[in-house]
Structure formats: structure tokens, C-alpha cells
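Residues per chain, in single letters:
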Amino acid sequence: AQSVTQLDSHVSVSEGTPVLLRCNYSSSYSPSLFWYVQHPNKGLQLLLKYTSAATLVKGINGFEAEFKKSETSFHLTKPSAHMSDAAEYFCVVGRASSYKLIFGSGTRLLVRP
Amino acid sequence: SQTIHQWPATLVQPVGSPLSLECTVEGTSNPNLYWYRQAAGRGLQLLFYSVGIGQISSEVPQNLSASRPQDRQFILSSKKLLLSDSGFYLCAWNRGQDYEQYFGPGTRLTVT
């Protein structure tokens, strides 16, 4: 069975410093992995996706994630945080034998001025 | 391009009252459609999904039901709301062969 674990429920960074949001996955096959972002009282927006092409995936708003099979990780990074990055981030894996998604519990990113 | 709409944006309803939330998708045909609930401070829970008109699958037993009367319309209903039905309801769609889903703006439901 597939699953994702987001290792931090909250992350706090200063504006202009790097962002690292950690995600480990469990899957018995080559997974489809995603990061979504949710601003308060808004729907979820797709940041980026990994579908077995390049292991370094670039997304919107300067975010990127690296698929590391040996570590079963798919961490989300950004070189320099902006205040507008403050939101909840979800790591997601596609469920095998269906086209449904399995969501992590989310990481709330706080950006300090 | 495709867009997804949900309404209403917010709703306050008393316990025991009925519920109807609507979701429509534009710019695509025969999408898979999904209803999720997000309780305060928690992740997303898949409630229902549909692969075609009149085809509804339930992920969890509950007080809610779903219907798909038209190809791009998905409705979430309840005959009698419970306090525990409060939450943020999200509709999403994807194409039949894709994992990535596209989400609507959500409906904030408060049951009082």
C-alpha cells in the first residue's frame, strides 16, 4: 500500500532564507508524487509533480523537489522564502490501481518578516 | 482551459437541516470527480468519487450522499446535518488516465 509521511507539522523560516519541507513515501512500485499548496480558506493548487521522468522536478513560484528512491523521499525546497509562501503544503502520492490520491497530513509554513 | 466552480462559498446551517453543495467543471468532458472534506487542522478525507454520470463510489460511511446528474456536475447532499459535518468541502477533477487532480475553491460549512 502507498503512504506519505510529512515529517514536520509546522516549519518557520525568515523571509529570504531557504525552505525545506520534508516528505517520505512508501510505495511498492514507481510512484507518482505531488506537492500541493493551500492558502487559508482556498482550494489546493498543484506546485509540482514527479512521474518517473527527471528526478529533480521544478514547479511554480520557485519551488522544486527531488525524488530520491534510495531514501524514499520527496522533499520540497525553495532557495528564498517570500511572505506569500506562508500556507499549508501537502505531499501526495497516487494510489495504485486507481486514480485517487493519498494525502500527507500537511506542513504549515510560517514566514517571518 | 478548464475551470472548476463550487457554491456556495460559505454556508451556516442548523443541525438537522438539509444540505446541497454543487460543483461544476468547464472546459473538459467525462472528468473523474471527487468530493473531499477537510476538518479543522486536519488533512483531506476523500468522501466520494465518480467516473461517469450516475456512477458514485463512497469512500467512507457517513451522513452524506453524492450525485452526478450531468457529465460535469457533482452534488454533495445530506438530508439531516450533524455537528460533525462541519468542515471545508473541496471538489476536484482529473482526467481518466491522470493522477493529478485540480481543486475547486471550496465551501466552508458550519453546522450550528
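What you see is a predicted model, and the numbers here were worked out from it, not measured in a lab. (Residues numbered from 1 in each chain as written. Chains lettered and ligands numbered in written order. Predicted model: local features only at pLDDT ≥ 70, side-chain atom pairs only at ≥ 80, totals over all residues. Heavy atoms only, no water.)

Section: the sheet that holds strand 7 (residues 65-70) of chain B
All names here are of chain B.
Part 1: Taken together, the four strands give an open sheet; going across it, the order is 1-3-8-7, and neighbouring strands pair in antiparallel fashion. Because the sheet does not close on itself, it has two edges, and the strands there are strand 1 (3-7) and strand 7. Each adjacent strand pair in this sheet contributes to an overall mean axis angle of 20°, direction not counted.
Part 2: Taken together, the six bridges between strand 3 (residues 19-26) and strand 8 (residues 73-78) define a ladder with antiparallel strand orientation. Bridge pairing links Leu21 to Leu76 in strand 8. (Pairing = 2+ DSSP bridges. Helix = DSSP H or I, 4+ residues; strand = E, 2+ residues; numbered from the N terminus. Axes fitted to C-alpha atoms, helices over the stretch in contact; angles between N-to-C directions.)

Focus on the interface of chain B and chain A
Part 1: The interface of chain B with chain A comprises 21 residues on the first partner and 21 residues on the second.
Part 2: Among the residues chain B hides against chain A, the three largest losses belong to B:Tyr99, B:Glu100 and B:Phe103. Together they make up 40% of the total.
Part 3: Taken together, the links from chain B to chain A amount to three salt bridges.
Part 4: Among the salt bridges present, the one from B:Glu59 reaches A:Arg95, with a minimum N-O distance of 3.6 Å. (Contact = heavy atoms within 4.5 Å. Buried area = accessible area lost by both parts, 1.4 Å probe. Salt bridge = Lys/Arg side-chain N within 4 Å of Asp/Glu carboxyl O.)

Some thoughts on the state of the cysteines
Part 1: Enumeration over the complete set of coordinates arrives at two disulfides over all chains.
Part 2: At a sulfur-sulfur separation of 2.0 Å, the disulfide partner of A:Cys23 is A:Cys91. Here the S-S torsion is close to -65°, and the disulfide linking A:Cys23 with A:Cys91 is therefore left-handed. Pair noted here: A:Cys23 is in strand 4 (residues 23-26) and A:Cys91 is in strand 10 (residues 87-94), with a separation of 68 residues, a long-range link.
Part 3: On the basis of relative accessibility, which here comes to 0%, the residue A:Cys23 falls in the buried class.
Part 4: Residue A:Cys91 is classed as buried on the basis of its relative accessible area of 0%.
Part 5: In this model B:Cys23 forms its disulfide with B:Cys91; the gap between the sulfur atoms is 2.0 Å. Looking along the S-S bond of the B:Cys23-B:Cys91 disulfide, the torsion reads about -75°, which is the left-handed sense. (Disulfide = S-S within 2.5 Å. Buried < 20%, exposed > 50% of the residue type's maximum accessible area, 1.4 Å probe, protein only.)

A look at the pattern of salt bridges
Part 1: Inspection of the entire model under this criterion finds 10 salt bridges over all chains.
Part 2: B:Asp98 is the partner of B:Arg95 in a salt bridge, and the nearest nitrogen-oxygen pair spans 3.9 Å.
Part 3: A relative accessible area of 34% means that B:Arg95 is categorised as partly exposed.
Part 4: Each of A:Arg95, A:Lys100 and B:Glu59 takes part in a single network of salt bridges with overlapping partners.

Here's the deal with the environment of B:Trp93
Residue and element names in this part refer to chain B.
Part 1: Tracing the sequence through the fold places Trp93 in strand 9 (residues 87-94).
Part 2: Trp93 sits in the buried class, given a relative accessible area of 2%.
Part 3: Every residue in contact with Trp93, bar those within four places of it in the chain, is listed here: Gln2, Ile4, Val25, Thr28, Pro31, Asn32, Leu33, Tyr34, Glu100, Gln101 and Tyr102.

What about the packing of aromatic side chains?
Part 1: Taken as a whole and assessed by the stated rule, the structure comprises 15 aromatic pairs over all chains.
Part 2: Between A:Tyr36 and A:Phe103 the ring centres are 6.3 Å apart and the planes differ by 45°, which places this aromatic pair in the tilted class. One end of the pair, A:Tyr36, is in strand 5 (residues 33-38); the other, A:Phe103, is in strand 11 (residues 101-103), and 67 residues separate them in sequence. Each member of the pair, A:Tyr36 together with A:Phe103, is buried.
Part 3: Taken together, the ring pairs in this structure connect A:Phe34, A:Tyr36, A:Phe90, A:Phe103, B:Tyr34, B:Tyr36, B:Tyr49 and B:Phe103 into an aromatic cluster. (Phe/Tyr/Trp six-rings, centres within 6.5 Å; stacked < 30°, edge-to-face > 60°.)

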